[in-house]
Amino acid sequence: MEYKVMVVDDSVMMRSVIRTFVAKMPEFRAVAFAENGKKALEELDKHKDLAIILLDIEMPEMDGLEFLRFAKLKSKAKIIILSSVALAGSPHAAKARALGADAIVSKPSGAVSLDLVDARGTELTQVMRRLVGLT
Amino acid sequence: MTEEFDMNEIWSMYADEGNQSLDEVEECLLALQHTPGNTDTVARLFRAMHTYKGNARMLGLSVVESVAHHAEDLIGLVRDDGVPFDHDMLQLLLETTDSLRSMLETTVASHHDVSVELSEDLIKRIKHTLLVCQQAKIVEDNTRNTTTAPSHPEPPTLLESIVFEPIDKQSLAADPVYLEIFMSMAHDILSEMERTLVDYDAEQSIVLFAEEVDRLHHAAEQIGMLDWLQLVNAYLTLQTPSVRQAHALVTELYALVENQNKDDPFAELECFSDSIVQENNDPIYHFLDNLTVPLGRLSQLLGRLKQEHSPELCAQLSTAAHDLKVLGDSLGFVRFLEVIDEIISLATTASMAPAIQYEQLEFKLYLELVTIAEVMEGERTSLTIDPLTILRNWCAEHIFDSLLAMRLMVDGLRQHENIEKNILLIKDLFIKIYHACWFYEKETAALLSMTLLDLYARAELHGVEPDSMLLHMTKSYINDVEIILDAAKSGEVPDMAQIEKLLQEASEAVFVSSGTLLSTQIEHSLGLPASFHKVLTPESITMVAQARNNQHYFYILRADLNQDEELATHFLNWLSSSGIQAISNVTVFEGDRTLFDFLISAHFDQVSLVDSLSALDPSGQYLKLEAVLADKVTQANANNKTSVNASAEDKALITEKNQSALVATPQGMSIDMLEMIGELVTGQAMMQHALANLFADDFLHTFDVGVATLEQKKSIAYQAIRQSLENCQEQLEKLMQLESHNAAILTRLQEAAITQRVRPAALLLTPLFPYLEAVARQAGREVKLVTEGDSTDVDLSMVEKLKSPLRSLIDFCINQSIETPEQRIQNGKSPQAHITIALSKHEDHISVHLEDDGEGIDISSITQRIQHLGWSVEKIEPALMLSDGFGSVSKNIGDDGVNFSELAKQLRRNGGDLNIGAVSPFRGAHFHLTMPLAMVVVEGMVVRVGDVQYVISINAIQRIVRAETQRVFHISADGGQSMLRLAADEVLPIQFLSESNQLKNSPRSVGRSEEESSSSEMHLFVVVCKQEQRIAVAVDELIGQQQVLIRPMQGFLSDIRGVTGCALLASGDIGMLLDVAYMFG
């Protein structure tokens, strides 16, 4: 079983970093990418069977939290907020929880998460596996 | 859930409070008889009825609850909508109160709800009055032509009053709102009628169809829809209606709907409330706006199913759910549809599900609708009913149930029971509490619920149990919310201080665990711009610490990585090259461009950095140096290092300024120490909070009140006292945890502090070189300074204390003892004189010998001075210069000289001493200074004697022996001194450190033990020595060797003999340092 993943992040860099990261996990496949919430909504219509959405918060056009509202309605995918601003206990994290985010993972080293390049994003790996029920 | 409680007590509390509430209700009603307009009394009445209702609900007495609920709604109309309190209402409410009182008796006696029949008539009449009042209100509002926007913050309209309720002889057909409700309901009934005709066989479908006709008849009658009634009545008069006739009725009814639409009741509606219904083409808007009636029915059905389970109700629920599904199907809101499917599946189960399941589904449904409303275009307020209002109403209604449930979950988690399930439920409960808090407009409490939810969710995702701190915070949160909402419910202004404090605590707790507390320090010391605040993760903090150790520079680079992928790749590669560390980065929006600011550390300076950047990006458009950060910690460390390093290379170069700066400011504090201090501060804050909680609970008062009420209300007294004790226990547990946590950090901090305070003696001695040179030049002497013991470790404070005495002595040597180069040549010495300063460290003091090779102290000047003072002394010797009042010693008139007595006084004040060596023809002046070690680090053996721990300096220990009792004997001659025989010719006196210790080893017990043949019992002795003397110290246990920091005994403790100081041991206990010298007399 292969779980489909959408990556929503405004940075080309970050999208490619996550693409590489996801590619290293055999159970997951990144099938859709979007640079803002609006585009992500369009992608959502094309991909009905997403298992995971990795979502950045700070984005132009439509930010992650706004997209979250739509995504929660339109998709059964588990939504992981992957952000450098949603640290534990922060208002961003509380807001995302109130909107029903399934998980919040702080980007280990900032907006461009270089750690993921080294496949050190063990936390993210764990969270993704747990959310689809693999652990 | 209820198993956790003593149900009898709860029933008894219910009886007590119920009677109180009803007394209050009666009192208010009688007061209102005379002053019907008194709003305070109405508010009091409302609260009392509300409390009664809540209590009944707690015990699942739905019939009682329902009566109280309707009465409360009626009072609510008076309180909130300005409906006048009239005689009829008074009579009805008095009757209700009587009825409730008899229900109270019945339910308390039976522990069961009363039967529905008892209340049916009463409820019907209250409902009737309610509707009459509501309608009168609408008419009144219409005539005043006001909008229906509620003017009070609390939305009093609960769903039940929106749902169509039957009334007698009232024609509401003229009212557009009722008309709309009727039409919508009629639409539903018609669909249902059609379905029954299709889905079932003829016989069954006629039966089911009849039920629908009844419903329609009822509705049409209530609202006075005469044409509808006509058709329906005609059908009802049929003896045995056929399926064909049923079909005919449906067709006719549809025709009526057509007609009605032609008349366009909605045009009227729009006219009536054009402020609410706006042109809105959003399908989501239409979906939500059409929900009102089916949703009302659905929630009503769910409510009824909680109490009674019948196939008929289930079928209706299923229909209602299907209706909702049809409405929302086209929108593709999967989670909403999922909930609906769950409801349908619940409706098709044969047996009754637990009440909680119906409630949970209702909650989930509202939650989904809120999510849908969130994405609707336009203002939510334009909807007939905002789902958010429904949800918050619902959550507020259920808040105390939620809090109670959460309390049980937390208890479960404490017992490590059903961790996963409990966390799952707790998360849901937090959402319910969140919305309830919003209902009462308690924003902080709402925010806190989400913060706590976040913490639970994180624990869950990482597969760890929530720690005790989180559980404790949750408990406090439950208590605080209960108090706040209780106050808010009864219209009082709640005290929010407690919850604000808790929010602070929660954030702190979070920050400690995620390292954010430390990040604040780093933000400050690096001078990071605001965009980098609160983004440093524990990983990035470690990187900063590493960079500091490597003395790297810190920079912020602004990069546009989204234009040129090649450049971006090069840049990222460069970032991971050696010598550079990318610590963190944040997104920056510049117009429509998304840029990143990178916080990096690098070993190279600004010029090289700019070179590298322009090599990567020759255009200079994409990569920019945004800021060069001045790191305070690295700078301080760098200052520190250079001064010490330079001293090794060129002692003379060290300046005064550098020295004093180094001694005065503790900038050398390591990042570890800062971290530990941060942890301590947080721990302290939490302990303070726990203590404050403890003190806030006036146990004595609680106890007194409890005992006083014990006779009358045993259960309440018991509950109160128990609650108080529980709180106490909880706080103490927390304090214990915090205390041991802090103690551990303190020990680590102590170890770090020891190393921080230790400095090489060079720090004291090196600055003397330039000083000596300057003095010698002025005096025309040639002097060379020789120092010994530069590398001896001394405490920082020592440097300050010895600096000035040593300078005075150098002054003296150069000016009084050392000859000019010419004189020295004449005396057969080399022209260059020497001053030697030798510093050495002893067990508890520092000793400094200072001597020169000049003429030494001129004894004749001392004689002169003695004569001048008129003192009579036996022998003229240099030590006389130390006597009080001797004054300055100077060879030359006009020279200030050195006042030795003052100098000695100064040293003695610090516990030190000054001695002057005897005059000798072969050597110059000779001084000896001592200074006690302020904080001594002793390598010691920690031993236990009884309950007390002692430290014995390792240097003083000769050996440790284990000897049988028989080797201990007693000398009667020497005041009963006990002795230990180590060998035939080797006998040592034994030193006992405590009474109990002595008894066990006393000669008498030895004698007895021989008789009892236990003379081979082993005892421990530490043999300490001073020169040739040895003593065996009897101890109970050897705890181990460790480095301990000794502080001198202070205050009255300084009089204690036999110990020289106390030590904070690694275990956190206090130990005492044995004064070995004292034992030897």
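Residues numbered from 1 in each chain as written. Chains lettered and ligands numbered in written order. Predicted model: local features only at pLDDT ≥ 70, side-chain atom pairs only at ≥ 80, totals over all residues. Heavy atoms only, no water.

Structural notes on the pairing of strand E3 (residues 593-602) of chain B
Residue and element names in this part refer to chain B.
Phase 1 of the analysis: Counting buried positions over the 10 residues of E3 gives 9, a clear majority of the element.
Phase 2 of the analysis: Looking at chain direction, strand E1 (residues 553-559) and E3 are connected through 7 bridges and run antiparallel. Directly across from Tyr-555, in E3, lies its bridge partner Ile-600.
Phase 3 of the analysis: Linking strand E2 (residues 580-590) back to E3 in an antiparallel pair, the connection comprises 2 residues, with Gly-591 at a positive phi of about 60°. (Buried < 20%, exposed > 50% of the residue type's maximum accessible area, 1.4 Å probe, protein only. Helix = DSSP H or I, 4+ residues; strand = E, 2+ residues; numbered from the N terminus. Pairing = 2+ DSSP bridges.)

Side note on the interface of chain B and chain A
Phase 1 of the analysis: With 48 residues of chain B at the contact, the number on the chain A side is 40 residues.
Phase 2 of the analysis: Around 3,900 Å² of area is buried between chain B and chain A when both sides are counted, 61% of it from carbon and sulfur atoms.
Phase 3 of the analysis: Considering only the surface of chain B that becomes buried against chain A, Arg-335, Arg-458 and Leu-461 of chain B emerge as the three largest contributors, covering 19% of it.
Phase 4 of the analysis: The interface formed by chain B and chain A includes 2 salt bridges.
Phase 5 of the analysis: Ionic pairing is found between Lys-76 of chain A and Glu-338 of chain B, a salt bridge with its closest N-O pair at 3.4 Å.
Phase 6 of the analysis: Connecting chain B to chain A are 6 residue pairs in polar contact (both at pLDDT 80 or more).
Phase 7 of the analysis: If you list the elements that add at least two residues to the side of chain B that touches chain A, you get helix H15 (334-347), helix H16 (355-374), helix H20 (443-461), helix H22 (497-514), helix H25 (565-575), E2 and E3 of chain B.
Phase 8 of the analysis: For the side of chain B that touches chain A, the class distribution of residues is 26 nonpolar, 12 polar and 10 charged. (Contact = heavy atoms within 4.5 Å. Buried area = accessible area lost by both parts, 1.4 Å probe. Salt bridge = Lys/Arg side-chain N within 4 Å of Asp/Glu carboxyl O. Polar contact = N/O pair within 3.5 Å; in protein donor to acceptor, adjacent residues only side chain to side chain. Nonpolar A, V, L, I, M, F, W, Y, C, P; charged D, E, K, R; others polar.)

Observations regarding the nonpolar core
Nonpolar side chains in soluble globular proteins generally cluster together in the buried interior.
Phase 1 of the analysis: Judged by nonpolar contacts, the single largest core of 117 residues is most densely connected at Ile-53 and Phe-67 of chain A together with Leu-288, Phe-336, Leu-365 and Tyr-477 of chain B.
Phase 2 of the analysis: Considering each element in turn, this core owes the most residues, 11 residues, to helix H19 (residues 419-439) of chain B.
Phase 3 of the analysis: The residues contacting Ile-53 of chain A, other than those within four sequence positions of it, are Met-6, Val-8, Leu-44, Phe-67, Ala-71, Ala-77, Lys-78, Ile-79 and Ile-80 of chain A.
Phase 4 of the analysis: Counting residues in each nonpolar core, the second largest holds 50 residues, with Leu-763, Leu-809, Ile-866 and Val-898 of chain B among its members. (Core = buried A, V, L, I, M, F, W, Y, C linked by side-chain atoms within 4.5 Å.)

That is the geometry; function is a separate question.
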